[in-house]
Amino acid sequence: MSDTTRTGPKTWFTPRRIARVAILIALSAVGAFIKLPSPTGTVALDSAPAFVAGAAFSPGEGSIVGAIGHLFSALVTGFPLGLPIHLLVAASMAVFVFLFGLVARKLNVWVAAVVGVILNGVGGAALLIPIYGVGIFVTLVVPLLVGSVINVAIAVAVVKVLDLTGLSENAKRKKAAAAKLDAPQAETPPPA
């Protein structure tokens, strides 16, 4: 089944994409309950589905899952930093996962893994420096790095499986590109 409708042009919000994002958000909500020790209590396995979506399907899908996944994780702990701060963190997660997805598409998932860990682990902690000072960075950087490594490692493993089984958009794009290369080329007549 393709992402096009029978009567109209390709749209981004297809039923397949909406269902996929909903399932990944549900997995993020489950991951929000799997906490890693941290001072805020919001470091969890909620972003692995977002990184999977960003790398295997599209950076936009990953952004949606990442933002909502963080909000679920913060909700479970009662928004310890306050709702406005968690909205800011959710927005930053959307950006981090989008960039992770772009790097995975343009380069590869291994480079994206390094980018994702640095953005989520160090960038996520640094984001709070203007609000809470350097102390919050020092307090959160190690738990966020550990959480990022675990979430990204899970995501890379899942993306590799999805690629191997042909279920990711990456595999579909590669298959389409290979088919295009194998297709017979129309011969052009020599100039007269």
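To be clear, the structure that these remarks concern was listed above.
Overview of the structure. (Residues numbered from 1 in each chain as written. Predicted model: local features only at pLDDT ≥ 70, side-chain atom pairs only at ≥ 80, totals over all residues. Heavy atoms only, no water.)

Quick look at the environment of Gly-54 now. Tracing the backbone through its elements, the reader meets Gly-54 in helix H2 (residues 48-57). Sequence separation between Gly-54 and Ala-155 is 101 residues; the distance between their C-alpha atoms is 9.5 Å. Discounting chain neighbours no more than four positions away, the residues touching Gly-54 are Pro-59, Gly-62, Val-97 and Gly-101. (Helix = DSSP H or I, 4+ residues; strand = E, 2+ residues; numbered from the N terminus. Contact = heavy atoms within 4.5 Å.)

Under the definition given, this model contains 3 salt bridges. The salt bridge partner of Glu-61 is Arg-20, with a shortest N-O separation of 2.9 Å. Taken as a pair, Glu-61 in helix H3 (residues 59-76) and Arg-20 in helix H1 (residues 15-31) lie far apart in primary sequence, 41 residues in all. For the pair Glu-61 and Arg-20, a shared accessibility class is recorded, and that class is buried. (Salt bridge = Lys/Arg side-chain N within 4 Å of Asp/Glu carboxyl O. Buried < 20%, exposed > 50% of the residue type's maximum accessible area, 1.4 Å probe, protein only.)

Take the nonpolar core next. Core analysis: the largest hydrophobic core is formed by 26 residues, its most contacted members being Val-65 and Val-152. The set of elements that each furnish at least two residues to this core consists of H1, H2, helix H4 (83-106), helix H5 (109-126) and helix H7 (134-165). By residue number, the principal contributor to this core is H2, which donates 7 residues. Those residues within four positions of Val-65 in sequence are excluded, and the remaining contacts are Val-21, Leu-24, Ile-25, Ser-28, Pro-49, Ala-50 and Ala-53. One finds Leu-45, Ile-136, Val-141 and Leu-144 within the second-largest nonpolar core, a separate group that totals 12 residues. (Core = buried A, V, L, I, M, F, W, Y, C linked by side-chain atoms within 4.5 Å.)

Let us now look at H5. Over its 18 residues, H5 runs 24 Å from end to end, which matches the ideal 26 Å to within 8%, given 1.5 Å per residue. The inward-facing, buried residues of H5 abut H2, H4, helix H6 (129-132) and H7. Sitting at the amino-terminal end of H5 is Asn-108, which places a side-chain oxygen 2.9 Å from the backbone nitrogen of Trp-110. (Expected span 1.5 Å × (residues − 1). Polar contact = N/O pair within 3.5 Å; in protein donor to acceptor, adjacent residues only side chain to side chain.)

Below, the discussion takes up a nonpolar patch on the surface. Residues Val-142, Val-146, Ile-150, Ile-154 and Val-158 make up a contiguous nonpolar surface patch of roughly 360 Å² in combined accessible area. Relative to the helices and strands, Val-146 is located in helix H7. (Patch = residues over 30% accessible without salt bridge, like charges linked within 9 Å, V, L, I, M, F, W, Y side chains within 5 Å. Areas by Shrake-Rupley, 256 points an atom, 1.4 Å probe, with all protein chains shown as cover.)

Our focus in this paragraph is helix H8 (residues 169-182). In this model H8 runs 20 Å from its N-terminal to its C-terminal C-alpha over 14 residues, within 8% of the 20 Å that 1.5 Å per residue would give. Within H8 the residues assigned to the buried category are Glu-169, Asn-170 and Ala-171. The elements touched by buried residues of H8 are H1, H2, H4 and H7.

This part takes up the side chain of Ser-28. Here Ser-28 shows up in helix H1. Those residues in contact with Ser-28 that sit more than four places away from it in its chain are Asp-46, Pro-49, Ala-50, Val-65 and Gly-69.

Note that all results are geometric; they support no functional claim without further evidence.
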